[in-house]
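# Architecture at a glance
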Amino acid sequence: MRIDRIHARATWPLRQLVLRPGLPLEACAFPHDEEADSFHLGAWADDALVGIASVHAEPCAQLPARRPFRLRGMAVHPDRRGLGVGALLVVEALNAVRTADGDLLWCNARTSASGFYTRLGFAVVGEAFELPGIGPHHLMHRAP
Ligand SMILES: CC(C)(COP(=O)(O)OP(=O)(O)OC[C@H]1O[C@@H](n2cnc3c(N)ncnc32)[C@H](O)[C@@H]1OP(=O)(O)O)[C@@H](O)C(=O)NCCC(=O)NCCS
């Protein structure tokens, strides 16, 4: 397993498969994808991209921080789950945020995945809320 920086567009097929099923590839472009502070991580098994995570600089209204970063687009291929790929991506994202002098990593986590983030040291803030068309989420965060 290898974790590399990848281009935003390289995340689109896995985003589409896992996070935006049934929507066109263009729906897999997220705001902030191409900003200077943004980066995208890919987990490779041999030559196959099996997991992705994206990070960009963005404040969170409920979590004051000096240099906050947001984690988005966390997805592992359905055939490769439960093997530690997601955890590797989050650990690498945390390392990169620390290197960039960040003091907060936050995300809107699907409630179905909140246990994954809890195991990685993230804490929940407040009640679950609905993101239209996607489902219930929790605001979660941790220091890098
Ligand atoms: C959530 C997701 C990224 C996890 O990736 P993964 O590679 O399967 O996770 P890992 O194998 O690294 O799991 C790390 C730990 O979290 C646990 N875990 C994984 N998914 C979990 C979940 N949905 N709920 C609770 N715990 C979970 C694992 O059991 C493991 O625990 P352990 O360290 O005690 O063994 C992956 O299941 C996925 O892509 N899901 C669909 C898309 C999604 O929900 N993305 C997140 C959007 S916010």
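Structural data are supplied above this passage.
Structural notes, computed from the coordinates.

## What to know about the overall build of the chain
Secondary structure assignment for the chain yields three helices and seven strands. Ordering the α and β elements of the chain from the N terminus gives β-α-β-β-β-α-β-α-β-β. For 144 residues, the compact-globule formula gives about 15 Å, and the C-alpha radius of gyration of the chain, at 14 Å, lands near that figure. Its C-alpha atoms give the chain principal-axis dimensions of roughly 40 × 35 × 30 Å. Across the 144 residues that make up the chain, the buried fraction comes to 30%. Put simply, 62% of the contacts in the chain that link residues at least 6 apart link residues at least 24 apart.

## What about the pairing of strand β5 (residues 104-110)?
In terms of burial, β5 is largely enclosed, as five of its seven residues are buried. Tracing the backbone out of strand β4 (residues 68-76), into helix α2 (residues 85-99) and back to the parallel element β5 gives a crossover that is right-handed. Relative to strand β7 (residues 135-142), β5 is paired through six bridges, and the arrangement is antiparallel. In the strand pairing of β7, arginine 110 is matched with histidine 137.

## Considering the nonpolar core
By size, the foremost hydrophobic cluster in this structure holds 27 residues, and its most contacted members are Ala53, Leu71, Leu89, Ala93, Leu105 and Met140. The element contributing the most residues to this core is α2, with six residues. Dropping the residues within four chain positions of it, leucine 71 is found in contact with Ala53, Val55, Ala93, Leu105 and Cys107.

## Some remarks on unusual backbone geometry
Positioned with a positive phi, histidine 32 is a non-glycine residue whose angle comes to about 80 degrees. Its place among the elements puts histidine 32 in the loop between α1 (8-19) and β2 (39-45). Residue histidine 32 is classed as partly exposed on the basis of its C-beta count, with 15 C-beta atoms lying within 10 Å. A positive phi is found at aspartate 46, a non-glycine position, where the angle reads about 55 degrees. Mapped onto the fold, aspartate 46 is located in the loop between β2 and β3 (48-57). Overall, the presence of 7 C-beta atoms within 10 Å leaves aspartate 46 in the exposed class.

## Re the sheet that holds strand β6 (residues 123-131)
Strand order across the open sheet formed by seven strands is β1-β2-β3-β4-β5-β7-β6, with mixed pairing between neighbours. Whereas interior strands pair on both sides, the edge strands pair on one side only; in this sheet they are β1 (2-5) and β6. Averaged over neighbouring strand pairs, the angle between their axes works out to 25 degrees when direction is ignored. Docked against the sheet, α1 engages β2, β3 and β4, running at close to 60 degrees with respect to β4. Across the sheet, α2 is in contact with β1, β2, β3, β4 and β5; its angle to β3 comes to roughly 30 degrees.

## Things to note about α1
Here α1 has its buried residues at Ala8, Thr11, Trp12, Leu14 and Arg15. Buried residues belonging to α1 abut β2, β3 and β4.

Conventions adopted
Residue indices follow the written sequence of each chain, beginning from 1 at its first position. Whole-chain, interface and lining totals are the exception, using all residues; otherwise, since this is a predicted model, local features are given only for residues with pLDDT of at least 70 and side-chain atom pairs are given and counted only at 80 or more. A helix here means a DSSP run of H or I that spans at least four residues, while a strand means a run of E at least two residues long, and both kinds are numbered starting from the N terminus. For the radius of gyration, the atoms used are the C-alpha atoms, and the globule rule reads 2.2 Å times the number of residues raised to 0.38. Our exposure labels follow a C-beta count within 10 Å of each residue's own C-beta, placed from the backbone: buried means 20 or more other C-beta atoms, exposed means 12 or fewer, and partly exposed covers the counts in between. We call two residues in contact when the distance between their C-beta atoms, placed using the backbone, is within 7 Å. Classification remark: right-handed applies to a crossover when, strands pointing away from the viewer, the course from the first strand over the helix to the second runs clockwise. Note: two strands are recorded as paired if DSSP finds a minimum of 2 bridges between them. Any nonpolar core is a set of buried residues, restricted to Ala, Val, Leu, Ile, Met, Phe, Trp, Tyr and Cys, that join up through C-beta atoms within 7 Å. For helices, the fitted line uses only the C-alpha atoms of the stretch in contact; every axis is such a line through C-alpha atoms, and the angle between N-to-C directions lies from 0 to 180 degrees.

Don't take any of this as a statement about function, it's just geometry.
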